[in-house]
Amino acid sequence: MKHSYFTIVLMALALPASVQATSVGATSVGATSVGATSVGATSVGATTQQNALSLEQAITLAQQNDPWLHGNHLKQQAVEHASIAANTLPDPKVSVGMMNLPTDGWNLSQEGMTQFKVGVSQMFGRGDSLAIKSKQLKLSATQFPLQRQDRKAKLQSNVTQLWLDAYLAQKTIALIKQDRVLFEQIAEVAKAGYSSVVGKTRQQDVVRAQLELIQLEDRLTVEQQKLETALAQLNEWLHIYDATALDVAYDFDKQRTAFTVSDNLPHLELAYAALLKPEHYARNELAKLLLNHPINRAIDVKQQVSEQTIALNKQQYQPQWGVNASYGYRDDMPSGMSRADLFSVGVTFDLPLFTKNKQDKQVAAAVAESEAVKTDKLLMVKQMLSAVEKELKLLNRLSDRQTLYATQLLKQAHYQAEAALTAYTNDDGDFAEVVRARIAELNARIGALKIDVDALKAVSRINYLLTQATQPAERSHTLGAN
């Protein structure tokens, strides 16, 4: 055996006897949950993991500290207050004036027609337009709770994607660092063997070992960049703010900027898993679920509002009525005889006679707008249905790959690495093959981790699409409704 020196040292660096081959669930679509186990990696910052941010904590912080949700509450209150004001008559108008003053002396008692006049007039709504406008605004206000439900679900999905990106980069760094220690030891062995009269190490083996170390360092830098980017994006949603002091300057320096994510991959339940199984899958049933998504429920509200717009425009055919009354005070005659004061009352109304190019067109425009809203809903359901099916197919393939990695690929990569090492120590292999086999095993473990993370991302996106509105839209216009 020519490599007796290498045999002793490399066997001391022998690869682990077992490989964590279990992958995320490795389940088909329709599983009740998708989980993940570590792929043989050491924890990143194990001493600080107690202070690391879990996915649940990140979602809670994002939903509790989203200024958009608070602003949406305020907008809802504004519309609801406006609905009350809309059902109120316009303010009456008061007029005060002097009538028929003689210009030859400006004497109030000279002429019998001279009078001091006070009048008041009041206009009324056209038909039932005030009540309809109020109802329209009340309906419009019911969109806001649905918008908040969608926002919270979207926040959960977006934060999950970013958290998983950070987790993937963090665990990949851990895997690379774990192997870098081994490659550093292999490089030292190669150098020692090259300088030894006993070993048969070639100069290219030393160079190859050093090259792999440099490439690992580059991979670490790339993954560190991904981790920092994901954490910076995630940090956008974690800023704490005080909703009661919005007029105070926001202090960004008080927000935390340095943190890590927890070292445990969460388990995410796949919503409506039974319905999504291939043997039970029905597009019509899935479409019914999608119709109850807060976005589509908000479109329903928009359609109801447009129907009220039609009714409101039809009121333009009705005349608008108004009443007015006035009291005229007259001074006594120059002879001292009193004059009677005067009282007037009247009614005004307009006549919508020429409706062809005004009222008729306004109603037609409102009808067309209402029909267009129906197409918006159909388009949204089609897009969401396609998105769900795309994610389901992706999840199916990821599940197949998880099974392949767990049952074959990880084990074979480990056996290949051990076989290459054994062959080399018995002078029947090449040093470069030992390195390649070890890199292949590292890539397999990182690949398995990425599949796990991608599966959870797909589940998160499906769950968002299948979010269900929690309350009927027509009963959600109470102030402060969630």
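1. Points about the overall build of the chain
For the chain, the helix and strand inventory stands at 11 helices and six strands. Considering the chain as a whole, with its 482 residues, one finds that 42% of them fall into the buried category. Considering only contacts within the chain whose residues lie at least 6 apart along the sequence, 84% involve residues at least 24 apart.

2. As for the side chain of D66
Its place among the elements puts D66 in the loop between helix 2 (55-64) and helix 3 (67-86). Other than its neighbours up to four places away in sequence, D66 contacts R151, L155 and Y241.

3. Observations regarding the sheet that holds strand 5 (residues 321-329)
Taken in spatial order, the four strands make up an open sheet running 2-3-5-6, and their pairing is antiparallel. Strands with a single pairing partner mark the edges of an open sheet, and in this sheet they are strand 2 (93-99) and strand 6 (342-349). Neighbour-to-neighbour, the strand axes of this sheet turn through a mean angle of 15°, independent of strand direction. Relative to strand 6, strand 5 runs antiparallel, the two sharing eight bridges. What sits directly across from A325, in strand 6, is V345.

4. Concerning the confidence of the model for the chain
Reading predicted coordinates in detail is not appropriate for stretches of low pLDDT. Across the chain, pLDDT averages 83, with 80% of residues at or above 70. Taken as a whole, residues 36-48 scores under 50 in pLDDT and shows 35 contacts with residues more than four places along the chain or in a different chain. The low-confidence segment residues 473-482, where pLDDT is below 50, has 31 contacts with residues more than four positions distant or belonging to other chains.

5. Comments concerning the pairing of strand 5
As paired strands, strand 3 (residues 115-123) and strand 5 are joined by eight bridges and run antiparallel to one another. Paired with V118 across the bridge in strand 5 is Y327.

Basis of the calculations
Residues numbered from 1 in each chain as written. Predicted model: local features only at pLDDT ≥ 70, side-chain atom pairs only at ≥ 80, totals over all residues. Heavy atoms only, no water. Helix = DSSP H or I, 4+ residues; strand = E, 2+ residues; numbered from the N terminus. Buried < 20%, exposed > 50% of the residue type's maximum accessible area, 1.4 Å probe, protein only. Contact = heavy atoms within 4.5 Å. Pairing = 2+ DSSP bridges. Axes fitted to C-alpha atoms, helices over the stretch in contact; angles between N-to-C directions. pLDDT = per-residue confidence, 0-100.

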